[in-house]
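# Examination of the molecular architecture
One letter stands for each residue in the lines below.
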Amino acid sequence: MPKEYKNEYQPLLAKATKDRRRPKLPNKSLLLAVCAAGIGGTFQYGYNISVINAPTAYVQDFINQTWSKRYQTQISDDGLTLLWSTIVSIFTLGGLTGAMIGGTLSVRVGRKGTLLTNNIFAFLAALLMGLSYPTGLFELLIIGRFISGLNAGISICVQPLYLGEIAPTSLRGAMGMGTSIFITGGIFTGQVIGLRELLGKEEYWPILLSTTCIPAFLQLLILPWFPESPRYLLIDKGDEEGCKKALKQLHGIADCDGEREDIEKERNNLSGLQAKKPWELFADRSLRWQVLTIILLNAAQQLNGINAIYFYAGYVFKQSGIPTDKIPYATVGTGACECITALTCGMLIDCLGRKVLIMGGYTLMAICCILFTLTLTFQEASPVVPYLSMVCVFAFILSFGLGPGGVTNILTTELFTQNSRPAAYMLAGSVNWSSFFFIGLVFPFIVLGLKQYCFLVFLVICCLVIIYIFLVVPETKNKTFLEIQNEFQSSKKRQIGCSDGAGTILLSTSI
């Protein structure tokens, strides 16, 4: 093509690309694929976190009775606390193990294949926990909780990977929010199912813990009807026909060509490169800011005070005059609050962008930390103060769901290209689960030492994260994975003092 014609058509091509990346309504098949991946994926993570709270007293009674029958003596209070803490916290160690193997499985058997295979762990966990009471073996609860954690760890590693790769560029944020929507949906469902009116009675607790098999069954029923990740098919497996078929099903015939071009560009850019291992990410200087970013954001997701808010929620509700037997219903309100916020974030993320939402979320959380510290300090000063504390609880949860709760996983998808993304999720998952375990271990001592002033620690963490995101993390809305990678690699982004993306050189334009 002559140069003058090429220059003449270039603005038209740029406009066509811009139009293609403008947010549209998702294809029905794409929405159903997100739901199929989520119901047996991160829904299990949220569900298993919350469902264990309802039968606490009943499980402890079961341990006590079993110990008495087995050893003809009462278990000590410390021994009972240790066993119950093990049942609850072993879920975290299972999650950490799952995160470490999830990325490798996603490369070997595919994203969809890993999600389907992962349901084996859910069925096994449900079976073991359900059999613990009739067999009189509380050890089965410990093993079952570890295996359910393994299932959750793999899910939270692989599901965001799958959703990020099946979504078109213009809808990647909204579809990626499926991860958080299903986590919060799982938490809310676990809280509702655990109410006394449903399965919250003493005789039903083994059934309650076994219900984790239901989402697994639904996923096995629905997900096989949807395709493997098109990026995985083309870049990892070289299956051009499979990729084309998957894009047509997920995006529709009219929109699949543009997405395939982006995948082709990424494949050409990664030609000859093998999938990276997690430790290889640290050796690659071109990925140092991306790696540092996901480590900090995933650690901050657990260390920002959200767990402290839930710890204090029961106390705040009681101080506000809510009867003790009605507090579980107020707790269900916090779960509903998270669900609504995750859905709202899903609708806003492709309009406002990732950076605005996550910075806004952390800013609101920092403000809530200050206000919550003040209201807890002056709890007895006025009858109104406990109600202000309750407002702070819901405001903090809303702020978390609006930013850090949803955007963190999406950024892990977007900051890496195909050959390093599974390893990045293994690293991010390991940091997230380790931080979860750490805060669970250390937080009681922080509260004991600092009491309500523990929120000042979380205030500092939120402020530091805001500064880091402002200075280092680029806006990724409506950008291809190659464009995001090149923005990080540009010379200005290597200097922390500069936060705009000017001067970015895009490899994708020359491929």
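Note that the coordinates shown come from a computational prediction; the quantities given were computed from them, not determined experimentally.

## Brief notes about the overall build of the protein
In terms of regular secondary structure, the protein is built from 25 helices and 0 strands. Counting over 511 residues, the protein shows a buried share of 54%. The long-range share in the protein, meaning contacts at least 24 apart out of those at least 6 apart in sequence, stands at 82%. For the protein, the exposed area adds up to about 22,100 Å²; of that, 67% sits on carbon and sulfur atoms.

## Here we look at the confidence of the model for the protein
When pLDDT is averaged along the protein, the result is 83; 90% of the residues meet or exceed 70. Note on residues 1–20: pLDDT is under 50 here. Beyond four places in sequence and across chains, it has 6 contacts.

## Let's talk about the pattern of salt bridges
Tallied over the entire structure, the rule returns 10 salt bridges. A salt bridge links Arg-70 to Glu-139; the nearest nitrogen and oxygen atoms lie 2.7 Å apart. Of this pair, Arg-70 sits in helix H4 (residues 56–71) while Glu-139 is found in helix H7 (residues 139–166), placing the two residues 69 residues apart along the sequence. Given a relative accessible area of 31%, Arg-70 falls into the partly exposed group. Relative accessible area serves as the criterion here: at 29%, Glu-139 is assigned to the partly exposed category.

## Some remarks on a nonpolar patch on the surface
A surface patch of nonpolar side chains, amounting to about 590 Å² of accessible area, comprises Phe-123, Ile-214, Phe-217, Leu-218, Leu-220, Leu-221 and Ile-222. Considering each element in turn, the nonpolar patch owes the most residues, 6 residues, to helix H11 (residues 213–222). Considering the arrangement of structural elements, one finds Leu-218 in helix H11.

## A look at unusual backbone geometry
Its identity is not glycine, yet Gln-72 carries a phi of approximately 55°, on the positive side. The topology assignment puts Gln-72 in the loop between H4 and helix H5 (77–108). Its identity is not glycine, yet Asn-478 carries a phi of approximately 60°, on the positive side.

## Thoughts on the environment of Lys-244
Secondary-structure assignment places Lys-244 in helix H13 (residues 240–251). On a C-alpha basis, the gap between Lys-244 and Glu-259 in space is 9.9 Å, while along the polypeptide they are 15 residues apart.

## Section: the side chain of Ser-389
With respect to the helices and strands, Ser-389 occurs in helix H20 (residues 385–402). Given a relative accessible area of 0%, Ser-389 falls into the buried group. Separated by 3.1 Å, the side chains of Ser-389 and Thr-375 make a polar contact. With near-sequence residues (within four places) excluded, Ser-389 lies in contact with Val-316, Phe-372, Thr-375, Leu-376 and Gln-379.

## Focus: the side chain of Ser-435
As for its position among the elements, Ser-435 is in helix H22 (residues 421–450). Not counting residues within four places of it along the chain, the set of residues in contact with Ser-435 comprises Ala-299, Gln-302 and Leu-303.

## Let's talk about H4
Spanning 16 residues, H4 covers 22 Å between terminal C-alpha atoms, matching the ideal 22 Å at 1.5 Å per step. For H4, every residue scored as buried is listed here: Tyr-58, Val-59, Phe-62, Ile-63 and Thr-66. Each buried residue of H4 sits inside an arc of 140° when the element is viewed along its axis, so together they form one side. Of the residues trailing H4, Gln-72 is marked for its positive phi of about 55°.

## Comments concerning the packing of helix H2 (residues 28–39) against H11
Where H2 meets H11, the axes come as close as 8 Å, and the angle between the chain directions of the two elements is 145°. The two elements H2 and H11 meet at a crossing, and its hand is left-handed. Of H11, the residues touching H2 (which contributes Ala-36, Ala-37 and Ile-39) are Pro-215, Leu-218, Gln-219 and Ile-222. Among the residues making up the contact of H2 with H11, the classes are represented as 6 nonpolar, 1 polar and no charged.

## Re the packing of aromatic side chains
A full pass over the atoms with the stated rule returns 11 aromatic pairs. Ring geometry for Phe-372 against Phe-455: centres 4.9 Å apart, planes inclined by 80°, an arrangement best described as edge-to-face. Of this pair, Phe-372 sits in helix H19 (residues 354–377) while Phe-455 sits in helix H23 (residues 454–472), placing them 83 residues apart in sequence. Residue classification places Phe-372 among the buried positions, given a relative accessible area of 1%. Phe-455 sits in the buried class, given a relative accessible area of 0%. Counting every residue linked through ring pairs, the aromatic cluster contains Tyr-45, Phe-91, Trp-433 and Phe-436.

## Considerations on the environment of Ser-210
Checked against the element boundaries, Ser-210 lands in helix H10 (residues 205–210). What makes Ser-210 buried here is its relative accessible area of 16%. Linking Ser-210 and Met-129, residues 81 residues apart in sequence, is a C-alpha distance of 6.2 Å. Those residues in contact with Ser-210 that lie beyond four places of it in its chain are Ala-126, Met-129 and Gly-130. At a separation of 3.3 Å, a polar atom in the side chain of Ser-210 contacts the main-chain amide nitrogen of Gly-130.

## A look at helix H9 (residues 178–193)
Taking 1.5 Å per residue, 16 residues should reach 22 Å; H9 reaches 22 Å between its end C-alpha atoms and fits that length. Each element contacted by the buried residues of H9 is listed here: H2, helix H3 (42–50), H7, helix H8 (172–176), helix H18 (327–352) and helix H21 (404–414).

## Re the environment of Gly-102
Here Gly-102 lies in helix H5. Remark: the alpha-carbon pair of Gly-102 and Gln-159, spanning 57 residues in sequence, is separated by 9.8 Å. Look past the residues within four positions of Gly-102 in its chain and what remains in contact with it is Thr-114, Ile-154, Cys-157 and Val-158.

Conventions adopted
- Counting restarts for each chain, with residues numbered from 1 along the sequence as it is written.
- Thresholds applied to this predicted model are a pLDDT of at least 70 for local features of residues and 80 or more for the giving and counting of side-chain atom pairs; totals over whole chains, interfaces and linings are not thresholded and use all residues.
- The side-chain quantities take in all heavy atoms of the structure and omit both hydrogens and water.
- Each helix is a run of DSSP H or I of at least 4 residues and each strand a run of E of at least 2, with the numbering of both proceeding from the N terminus.
- Partly exposed describes any residue whose relative accessible area lies between the buried limit of under 20% and the exposed limit of over 50%, with all areas from a 1.4 Å probe on protein chains only and scaled to the type maximum.
- A contact between two residues is defined here by any heavy atoms of the two lying within 4.5 Å.
- Note on areas: Shrake-Rupley, 1.4 Å probe, and residue coverage restricted to the protein chains presented here.
- A score between 0 and 100, pLDDT records how confident the predictor is in each residue.
- Any carboxyl oxygen of Asp or Glu within 4 Å of a side-chain nitrogen of Lys or Arg constitutes a salt bridge here.
- The patch calculation keeps residues exceeding 30% relative accessible area without a salt bridge and links them within 9 Å when they carry like charges or within 5 Å when they are nonpolar (Val, Leu, Ile, Met, Phe, Trp, Tyr).
- Any N or O atom pair separated by 3.5 Å or less is treated as a polar contact, with the protein-specific requirement of one donor-capable and one acceptor-capable atom, and with residues adjacent in sequence counted only for side-chain atom pairs.
- Given the number of residues in a helix, its expected span is that number minus one, multiplied by 1.5 Å.
- Relevant arc is that of directions from the helix axis to the C-beta atoms, nothing else.
- Every axis corresponds to a line fitted to the C-alpha atoms, with the helix fit spanning only the stretch in contact, and the corresponding angles, defined between N-to-C directions, vary from 0 to 180 degrees.
- Handedness of a crossing follows from how the near helix is turned relative to the far one, being left-handed for an anticlockwise turn of less than a right angle and right-handed for a clockwise one.
- Ten residue types, Ala, Val, Leu, Ile, Met, Phe, Trp, Tyr, Cys and Pro, are classed as nonpolar, four, Asp, Glu, Lys and Arg, as charged, and the remainder, Gly among them, as polar.
- When two rings of Phe, Tyr or Trp (its six-membered ring) have centres within 6.5 Å they constitute a pair, described as stacked for plane angles under 30 degrees, edge-to-face for angles over 60, and tilted for the intermediate range.

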